[in-house]
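Chain by chain, the residues:
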Amino acid sequence: MTINPRTLLESHGIAPKRSLGQNFLHDPNMLDKIVSSAALQPDEAVLEVGPGTGVLTERLAAVAPELVAVELDDRLQPILTERLAAFPQARVIYQDILSVNVPALFPDRPYVVVANLPYYITSAILRHLLESPHPPRRLIITVQNEVAERLIATPDDMSVLSVSVQYYGKPQIVTRLNPALFWPRPDVESAVVRIDVYPQQPLDVPDDRTFFRVVRAGFSQKRKQLKNSLSNGLNLNAGDAAAVFATAEVDSRRRAETLTLDEWARLTRAVAPLLH
Ligand code: SAM
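Residues numbered from 1 in each chain as written. Predicted model: local features only at pLDDT ≥ 70, side-chain atom pairs only at ≥ 80, totals over all residues. Heavy atoms only, no water.

Trainee: Quick one: what's the story with the side chain of serine 162, residue by residue and with numbers?
Mentor: With respect to the helices and strands, serine 162 occurs in helix α8 (residues 160–168). By relative accessible area, which is 0% here, serine 162 ends up buried. Only 3.4 Å separates the side chain of serine 162 from the backbone oxygen of arginine 150, close enough to count as a polar contact. In this view, serine 162 contacts Arg150, Leu151, Ala153 and Asp157; residues no more than four positions away in its chain are not counted. (Helix = DSSP H or I, 4+ residues; strand = E, 2+ residues; numbered from the N terminus. Buried < 20%, exposed > 50% of the residue type's maximum accessible area, 1.4 Å probe, protein only. Polar contact = N/O pair within 3.5 Å; in protein donor to acceptor, adjacent residues only side chain to side chain. Contact = heavy atoms within 4.5 Å.)

See the structure below:
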């Protein structure tokens, strides 16, 4: 079966949908590079989000003991069925990934996510996967370059997205992708990012919910000093707020984008007893 998405889709009378982020990667070297950067171990299953025409899926199915691909667009079913016919351990679920109960897919196995993500819901998919009670061991995801930069951001450029992803794992850029490697050609550059998920939370925080409550409050007022954003967001009076910053040893005049994850953890521990 051809790798050329244009020929393949046209032969099935399918026009790509921009609204579903359908930009198909057709460079064999890059597809191989994505698979090798996943460094799949013999015990690891694979979850692919958005298999499209299945060019990445078939490469993953050739090495994975079990593979589940979740595709929203069921027009692609004839193509995927044919492409994956030789791989009985691979199956496709035609559903929105955000409505899939991911932990139930691989109840007894570690799994790895490999996906050229639909860019319109990148953050929601990352949240859905990373916040899961049975998260993947790692993710190898193609995202738009600007998002990749936010994922690997360092203090001074942090955002809720960078803090959220770096809370769960360690992201790094594997490679950049030129728009010419996709059809239809996207307007933006892309990048492959690998996120190694921590087996145990390395930060000392009371719980995830409180940590993210504090982080969201901190980022809620763009460019404001933390003493304003945290006090407003968490309803702290001036005295309590001053005590929290002193205990956490964080300067209250700093801005949210400059904090390290450890500083967010210290603020969370300091403020947690005051929250309801
Ligand atoms: N993996 C293919 C490739 O590399 O050429 C296609 C990648 S394309 C960027 C994104 C894919 O995600 C499309 O096939 C699209 O239909 C699918 N998709 C879009 N929204 C989705 C959703 N909510 N759940 C599952 N798949 C989705």
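Trainee: For the pairing of strand β2 (residues 45–49), give the residues involved together with the corresponding values.
Mentor: The two faces of the sheet receive side chains in turn, since in a regular strand these alternate between them. Where burial is concerned, most of β2 is hidden: five out of the five residues are buried. By the alternation rule, side chains of β2 split into Ala45, Leu47 and Val49 and Val46 and Glu48, which are all buried. Note: β2 against strand β5 (residues 111–116), four bridges, orientation parallel. Residue pairing across strands places valine 46 opposite valine 112, the latter belonging to β5. Both β2 and strand β3 (residues 67–70) contribute to a ladder of four bridges, which runs parallel. Directly across from glutamate 48, in β3, lies its bridge partner alanine 69. Handedness of the crossover joining β2 and β3 through helix α3 (residues 55–61): right-handed. (Pairing = 2+ DSSP bridges. Right-handed = clockwise from strand over helix to strand, strands pointing away.)

Trainee: Hey, could you go over the environment of phenylalanine 245 for me, with residue numbers and the actual values?
Mentor: By the element assignment, phenylalanine 245 lies in helix α11 (residues 238–248). Its relative accessible area of 6% is what places phenylalanine 245 among the buried residues. Remark: the alpha-carbon pair of phenylalanine 245 and alanine 270, spanning 25 residues in sequence, is separated by 7.8 Å. Excluding its chain neighbours within four sequence positions, the residues that come into contact with phenylalanine 245 are Leu226, Lys227, Leu230, Val250, Ser252 and Leu267.

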